[in-house]
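Each chain, letter by letter, is given below.
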Amino acid sequence: MLKEKLDGILQDEIDRGGCVGSVCMAFHNNEEVYSGIFGKDNLTDDKKLGYDSIFKMFSMTKPVTAVAVNMLIEQKRLNREDYVDKYLEGFRKLSVMDAEGNIIPASGRIKIKDLLNMTAGVEYPNDQTKAGFYLGEKLFWPMENAYPEKMIPTVELMNRVGGMPLLYEPGMHWNYSLCADILGAVVEVISGESYGEFLRKNIFEPLEMTDTGFYVPEEKLDRFVTMHDLQNGKYVPWDYPFLGTYNRRYKPAFESGGAGLVSTPADYAKFALMLCNMGTLPEGILSHGRAVTLLQPETVYGFMKGMLSSQQMSTCCWDSMTGYNYGNLMRVLEDPEAAGVNGPAKGEFGWDGWAGTYFCVDPINKVTFLYFINVTNGNRDWFMKIIKNELYKQLDLS
């Protein structure tokens, strides 16, 4: 019944033109209870999707960065209360742009915890706020327009971000922004190696995430999923150096801790299951059969707690955040009824990506859910609720 119900929902999404192709997986008590592949890679040939298809993760990179940072915190090489300017000198003279566009000195400093909670006051390049436009015009858009000739390495680029005016004083409000990218640069400074190399050694190799990284090698390009943009009611292939990242076919100078990873459903499922099991991927899943621990249970328990105060939450007004708090670069379920979900326990956490990828883990009920598409502005929280509600309805959680 579960297979039939979810298949129907996901096939209907393809039939009504919601996306070109999708992959969905669900686990309960570490056992796969659902998997399905729908549609195809593109509309011009018969290339199919698979559980080893390589998707652009965009913001589903952020939970990986949260794990990397918390690994360093557990190792006492980093502290949540540390000021970022201890590691990145570009953040030593912060400024804020006021509503009139004036740049004034900031009164506070950014802490690591501010970056993990998206309360650092930094921006993304955008045309919606004066600080965001300034960041784009002065730094990101010229870099993107000259890509790949103009490639700025991770630490250098984030130090330059530190010289851009903030939207808010540090710690005042939540604002979705470059916080995870700054954290990637911090990890790079502390570890003494590139951010991608740190992730490979400490997360991807231990979890056998063999197809996850900041670019797609030549020999794997046949599995690289086509990105699409909806134009005049039709899906067309899309590729652009979004947020300073390129098409992932070349090893980048900037390894974006907030948006740069590519991965597969099979790879990311192992990462998600590790989180659902409080930091340990259980035995019997990897090729060697042994369990692998990346984080201690008390750390992952912290992922299940919202970190935003009521003042900080006042600017966290996305529809997808209704019923949720935020912390460690992920949403955290606080009010299931307000969120419109039936079954997930308080403390369920996860995140999604700009191209429509989505995951969540519910450690209380031992449920892990993943969904993958590649469509610009593909976030569809309402659709995730439909699938998840049906999933929990069909599961025996007694």
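For the structure itself, consult the block above.
Keep in mind the model is a prediction, meaning the values are calculated, not measured. Each chain carries its own residue numbering, running from 1 in the direction its sequence is written. It should be noted that, the model being predicted, local features are given only for residues of pLDDT at least 70 and side-chain atom pairs only at 80 or more, the latter also being counted only at that level, while totals for whole chains, interfaces and linings use all residues. Note that the side-chain values use all heavy atoms of the structure and ignore hydrogens as well as water.

### A word on the overall build of the protein chain
By the criteria applied, helices consist of DSSP H or I runs no shorter than four residues and strands consist of E runs no shorter than two, each listed in order from the N terminus. The helix and strand tally for the protein chain stands at 12 helices and 15 strands. C-alpha atoms define the radius of gyration, and 2.2 Å times the number of residues to the power 0.38 defines the globule rule. Its C-alpha atoms give the protein chain a radius of gyration of 20 Å, within 12% of the compact-globule value 21 Å for 398 residues. Over its C-alpha atoms, taken along the principal directions, the protein chain stretches across nearly 60 × 45 × 40 Å. If you take every contact in the protein chain between residues at least 6 apart in sequence, the share linking residues at least 24 apart comes to 68%. Working note: accessible area of the protein chain is about 16000 Å², and carbon and sulfur atoms make up 48% of it. Charged side chains of the protein chain number 39 positive and 52 negative; the gap between the two group centres comes to 3 Å. Contacts are assigned to residue pairs with any non-hydrogen atoms lying within 4.5 Å of each other. Areas reported as accessible are Shrake-Rupley estimates using a 1.4 Å probe. Residue values count occlusion only from the protein chains shown. For the purpose of charge, His is not counted, nor are the chain termini; Lys and Arg are scored as positive and Asp and Glu as negative. All charge positions are set by atom: Lys at NZ, Arg at CZ, Asp at CG, Glu at CD.

### Quick look at the packing of helix H2 (residues 62-74) against helix H6 (residues 179-191)
Only the stretch in contact is used when a helix axis is fitted, and all axes are lines through C-alpha atoms; the angle between N-to-C directions ranges over 0 to 180 degrees. Viewed as axis vectors pointing N to C, H2 and H6 meet at an angle of 40 degrees, and their least axial separation amounts to 10 Å. Of the two possible hands of crossing, H2 and H6 adopt the one that is left-handed. Across the interface between the two elements, Lys62, Thr65, Val69 and Leu72 from H2 touch Ala180, Leu183, Gly184, Val187 and Ile190 from H6. Each residue is assigned to one class: nonpolar for Ala, Val, Leu, Ile, Met, Phe, Trp, Tyr, Cys and Pro, charged for Asp, Glu, Lys and Arg, and polar for all the others, Gly among them. When grouped by side-chain class, the residues that make up the contact of H2 with H6 number 6 nonpolar, 2 polar and 1 charged. Take the far helix as the reference: if the near one is turned anticlockwise from it by less than a right angle, the crossing is left-handed, and if turned clockwise, right-handed.

### Details of the environment of glycine 340
Its place among the elements puts glycine 340 in the loop between helix H11 (336-339) and strand E13 (349-352). Only protein chains enter the calculation, and the probe is 1.4 Å; a residue is then buried if its accessible area is under 20% of its type maximum, exposed if over 50%, and partly exposed in between. Note on glycine 340: relative accessible area 34%, which makes it partly exposed. When sequence neighbours within four positions are dropped, the list of residues in contact with glycine 340 reads Lys385 and Asn389.

### Focus on the pattern of salt bridges
Salt bridges are defined as contacts in which a side-chain nitrogen from Lys or Arg sits within 4 Å of a carboxyl oxygen from Asp or Glu. Tallied over the entire structure, the rule returns 21 salt bridges. In this structure, aspartate 7 engages lysine 3 in a salt bridge whose closest nitrogen and oxygen atoms are separated by 3.5 Å. Within this pair, aspartate 7 and its partner lysine 3 are both found in helix H1 (residues 2-15), separated by 4 residues, close to a single helical turn. Residue classification places lysine 3 among the partly exposed positions, given a relative accessible area of 42%. Close ionic contact of glutamate 197 with lysine 201 constitutes a salt bridge, the shortest N to O distance being 4.0 Å. Of the two residues, glutamate 197 and lysine 201 both sit in helix H7 (residues 195-204), 4 residues apart, roughly one turn of that helix. A residue is classified by how much of its surface remains accessible, and glutamate 197, at 25% relative accessible area, is partly exposed. Judged by its relative accessible area of 42%, lysine 201 falls in the partly exposed class. Shared partners join several salt bridges into a network, and the residues in it are Glu193, Glu197, Arg200, Lys201 and Glu205.

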